[in-house]
Amino acid sequence: MHYDLIIRNGRCVFPWGEAEADLGVRDGRIASLSVSKDDDADRVIDATGLHVLPGLIDSHVHLRDPGNAAVETLETGTRAAALGGVTTVFDMPNTSPSVTDKAMLDWKREHISKVAHVDVGMYIGATRENTPDLAMLEQQPGVCAIKVFAGSSTGNLMIEDDEGIEAVMRSGHRRVCFHSEDEYRLQERKPMFHEGQPYATHSIWRDVECAFLGTRRIMAIARKTGRPAHILHTSTAEELEYLAGFRDVSTVEVLVNHLTQVGPECYEKLGGLAVMNPPLRDQYHYEASWKAIQDGRVDVVSSDHAPHPLEAKKRPWPNCPAGLTGVQTIVPVMLDHVNAGRLSLSRLVDLMAAGPARVYGLQTKGRMAVGFDADFTLVDMKAQREITNNWIASPAGWTPFDGTQVTGWPMATIVRGTVVMQDDEVIGNATGRFAKFAP
């Protein structure tokens, strides 16, 4: 039998376990998990010594397009994803202008078809003005979710009050994603601090109660309305314990940074390059995050890739913008955690493929099975590399993991049967498109 692509001799991570298998791809879909020796293809990849994972998904990125092309674009951001072994990204709406209506969605769809190297899902930003339209907007092709900034946003992309949040939760039925820091507490505490204090002050200002209070309020509204909520970048032990009691209406994201970098040491080492929202916290919360990974309370691990100019990140606190690069480094860093024994490779696939597919309703991604999109991340679990700034594709040109030695590296990224990255080189023209979600 003839295929478009055959991947031979790899160790495949299936939903039912690991096994050596030869995979056949036809018309962008997985056509066989048991290709014979006599079958041929237009292209054959020998994956001897490699693990073949379902295409990994970074479900939380800010690609800044439209916005400042000197910092990031859809082309450079998806190029970075491809280089990092990520086959699909979900892009946040706080661009300039914001993605809050159908006209901007249509523009993004056309733009993505011309420049994206991987597939893209799109968040719609909730505003007070578009709240009545959210039930319609969440049904548009390519929309992964509604995003609510309950704190830490600007312009009309913030709905911080319970009445406004409840109105959003009653407009539509799909899961709503939240930045859940409590804006009232943030503003109340802001006068306690001043310019030039140590960067570690960021985690004191945006304290545990700021995050926990926001999450408690959102869970009360989720229960009241029966609408499921996805709590993004959960960062505290208190939230993780509390959310275990709301599994009927909640899912949980944890960021790779909260699993890797620990305060106050990270602030002393990185300065403004450690400043993000919610903040990097101390060892207690780091250990709680790993415990939640290990006992199943976490559904998704993402990067919250949010680049800023390096010169801006070097400003004194609090004038340095919050946000770190991450879409290109999340897979190597997480593979290093696998090699360190903190989680299994199967659990990583659960968190970065099956988990995002389940939480967001991806129809044909997240697992290796016949009929699903032929998205694959091929990794060498023994490869030892150093993450450096000069590897980063983002025009911002920096990573908080510069100089980090890792074991485990993405060797190829395949999107719907097209090889878009192999051996650290992006291949061919942009072939990305909007991902498909359940209504």
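Here we summarise the structure given alongside this text. Remember, it's a predicted structure, so these values are computed and weren't measured experimentally. Each chain has its residues counted from 1, running along the sequence as written. Totals for whole chains, interfaces and linings use every residue, but because this is a predicted model, local features are given only for residues with pLDDT of at least 70 and side-chain atom pairs only at 80 or more, for both listing and counting. For side-chain calculations, the full set of non-hydrogen atoms in the structure is used, while hydrogens and water are omitted.

**What to know about the overall build of the protein**
Secondary structure counts use DSSP, requiring at least four H or I residues in a row for a helix and at least two E residues in a row for a strand, with both numbered from the N terminus. Helix and strand counts for the protein come out as 13 helices and 17 strands. Two things to know: the radius of gyration comes from C-alpha atoms, and the globule rule equals 2.2 Å times the number of residues to the power 0.38. Relative to its length of 439 residues, the protein is compact, with a C-alpha radius of gyration of 21 Å against a globular reference of 22 Å. By its C-alpha atoms, the protein is 70 × 45 × 40 Å across when sized along the principal axes. Three labels apply to residues, based on accessible area from a 1.4 Å probe with only protein chains included: buried if under 20% of the type maximum, exposed if over 50%, partly exposed otherwise in between. Taking all 439 residues of the protein together, the buried fraction comes to 63%.

**Quick look at a negative patch on the surface**
A contiguous patch of negative charge on the surface is contributed by Asp-4, Asp-27, Asp-40 and Asp-42. Residue placement: Asp-4 occurs in strand β1 (residues 2-14). Each patch groups residues whose relative accessible area exceeds 30% and which form no salt bridge, using 9 Å between like charges and 5 Å between nonpolar side chains of Val, Leu, Ile, Met, Phe, Trp and Tyr. With residues, only the protein chains shown are counted as cover, and all accessible areas are computed by Shrake-Rupley using a 1.4 Å probe. Each salt bridge in this description consists of a side-chain nitrogen of Lys or Arg and a carboxyl oxygen of Asp or Glu lying within 4 Å of one another. Residues scored as positive are Lys and Arg, those scored as negative are Asp and Glu, and His as well as the terminal groups of each chain are ignored. A charged residue contributes its charge at one atom only: NZ of Lys, CZ of Arg, CG of Asp or CD of Glu.

**Some thoughts on the environment of Ala-31**
Within the element layout of this structure, Ala-31 appears in strand β3 (residues 29-32). Relative accessible area serves as the criterion here: at 29%, Ala-31 is assigned to the partly exposed category. The sequence separation of Ala-31 and Asp-4 amounts to 27 residues, and the corresponding C-alpha distance is 9.8 Å. The criterion used for residue contact is that any of the two residues' heavy atoms lie within 4.5 Å. Ala-31 has contacts with Tyr-3, Gly-24, Val-25, Arg-26 and Val-370, leaving out every residue within four places of it along the chain.

**Some words on the pattern of salt bridges**
As enumerated under the stated definition, the model contains 30 salt bridges in all. One salt bridge connects Glu-110 with Lys-114, and the closest N-O pair in it is separated by 3.3 Å. Taken together, the positions of Glu-110 and Lys-114, both in helix α2 (residues 102-115) and four residues apart, correspond to about one turn of that helix. With a relative accessible area of 46%, Glu-110 lands in the partly exposed category. Residues Arg-128 and Glu-160 are paired through a salt bridge, measuring 3.0 Å at the closest nitrogen-oxygen approach. Of this pair, Arg-128 sits in the loop between β8 (119-125) and α3 (134-137) while Glu-160 is found in the loop between β9 (143-149) and α4 (162-169), placing the two residues 32 residues apart along the sequence. Each of Arg-29, Asp-119, Lys-365, Asp-373, Asp-375 and Arg-416 takes part in one network of salt bridges that share partners.

**So, helix α7 (residues 208-225)**
Multiplying one less than the number of residues by 1.5 Å gives the expected span of a helix. Its 18 residues place the ends of α7 26 Å apart at the C-alpha level, agreeing with the 26 Å of an ideal helix rising 1.5 Å per residue. Restricting attention to buried positions, one finds in α7 the residues Cys-210, Ala-211, Phe-212, Gly-214, Thr-215, Arg-217, Ile-218, Met-219, Ile-221, Ala-222 and Thr-225. Tucked inside the fold, the buried residues of α7 contact α4, β10 (176-179), α5 (183-189), β11 (229-231), α8 (237-243) and β12 (250-255).

**Focus: the state of the cysteines**
The disulfide definition used here is simple: a pair of cysteine sulfur atoms within 2.5 Å. On inspection of all chains with the given rule, the structure shows zero disulfides. Cys-210 takes part in no disulfide bond, and the closest cysteine sulfur, belonging to Cys-320, lies 17 Å away. Overall, the relative accessible area of 1% leaves Cys-210 in the buried class. Between Cys-266, a cysteine without a disulfide, and Cys-320, which holds the nearest cysteine sulfur, the sulfur-to-sulfur distance is 12 Å.

**Considering the packing of helix α12 (residues 330-339) against helix α13 (residues 345-360)**
An axis is simply a line fitted to the C-alpha atoms; with a helix, the fit covers only the stretch in contact. Between two such axes, the angle follows the N-to-C directions and lies from 0 to 180 degrees. Contact geometry for α12 and α13: axes closest at 9 Å, N-to-C directions at 145°. In this structure, the crossing between α12 and α13 has a hand that is right-handed. Across from Ile-330, Val-331, Met-334, Leu-335 and Val-338 in α12, the residues of α13 making contact are Leu-345, Leu-348 and Met-352. Gly counts as polar in this scheme, as do all residues outside two lists: the nonpolar Ala, Val, Leu, Ile, Met, Phe, Trp, Tyr, Cys and Pro, and the charged Asp, Glu, Lys and Arg. The residue inventory of the contact of α12 with α13, partitioned by class, reads eight nonpolar, no polar and no charged. Left-handed describes a crossing whose near helix is turned anticlockwise from the far helix by less than a right angle; the clockwise case is right-handed.

**What to know about the environment of Arg-216**
If you trace the backbone, Arg-216 turns up in helix α7. With relative accessibility at 25%, the residue Arg-216 sits in the partly exposed group.

**Here's the deal with α12**
By the criterion of burial, α12 is predominantly enclosed, with eight of the 10 residues buried. Among the residues of α12, those classed as buried are Ile-330, Val-331, Pro-332, Val-333, Met-334, Leu-335, His-337 and Val-338. A positive backbone phi angle near 85° is found at Gly-341, which sits one or two residues after α12.

**Some thoughts on unusual backbone geometry**
Of note, the bond from Asp-65 into Pro-66 is cis; its omega dihedral lies within 30 degrees of zero at 10°. Mapped onto the fold, Pro-66 is located in the loop between β6 (56-61) and α1 (74-83). For the bond running from Asn-277 to Pro-278, omega is -15°, close enough to zero to count as cis. As for its position among the elements, Pro-278 is in the loop between α9 (265-270) and α10 (283-294).

**A few points about the sheet that holds β12**
Across the sheet, which stays open at both edges, the eight strands sit in the order β6-β7-β8-β9-β10-β11-β12-β13 with parallel pairing between neighbours. Edge strands, defined here as strands with exactly one partner in the open sheet, are β6 and β13 (300-302). Averaged over all neighbouring strand pairs, the angle between strand axes comes to 30°, with direction disregarded. The sheet contact formed by β8 and β9 spans four bridges and is parallel. Each residue of the ladder has a partner; that of Ile-124, found in β9, is Ile-146. At least two bridges found by DSSP between two strands are what make those strands a pair.

**Quick word on the packing of aromatic side chains**
When two rings of Phe, Tyr or Trp (its six-membered ring) have centres within 6.5 Å they constitute a pair, described as stacked for plane angles under 30 degrees, edge-to-face for angles over 60, and tilted for the intermediate range. Per the stated rule, a full pass over the model turns up nine aromatic pairs. Between Trp-205 and Trp-317, the ring centres sit 6.2 Å apart and the planes meet at 70°, which makes this aromatic pair edge-to-face. Remark: Trp-317 occurs in the loop between α11 (310-313) and α12 and Trp-205 occurs in helix α6 (residues 201-205); sequence separation between them is 112 residues. No difference in accessibility class separates Trp-205 from Trp-317, as the two residues are buried. With a centroid separation of 5.4 Å and 80° between ring planes, the pair formed by Phe-212 and Tyr-242 is classed as edge-to-face. A residue pair is termed long-range when its members are at least 10 positions apart, and Phe-212 in helix α7 and Tyr-242 in helix α8 qualify at 30 residues. Phe-212 sits in the buried class, given a relative accessible area of 15%. Residue class for Tyr-242 comes out partly exposed when judged on its relative accessible area of 27%. When the NZ atom of lysine or the CZ atom of arginine is within 6 Å of a ring's centre and also within 35 degrees of its normal, the charge is said to sit over that ring. Directly above the aromatic system of Phe-149 lies the positively charged group of Lys-147, at a separation of 3.8 Å from the ring centroid. Sitting over the face of the ring of Trp-205, Arg-206 holds its NZ or CZ atom 4.8 Å from the ring centroid.

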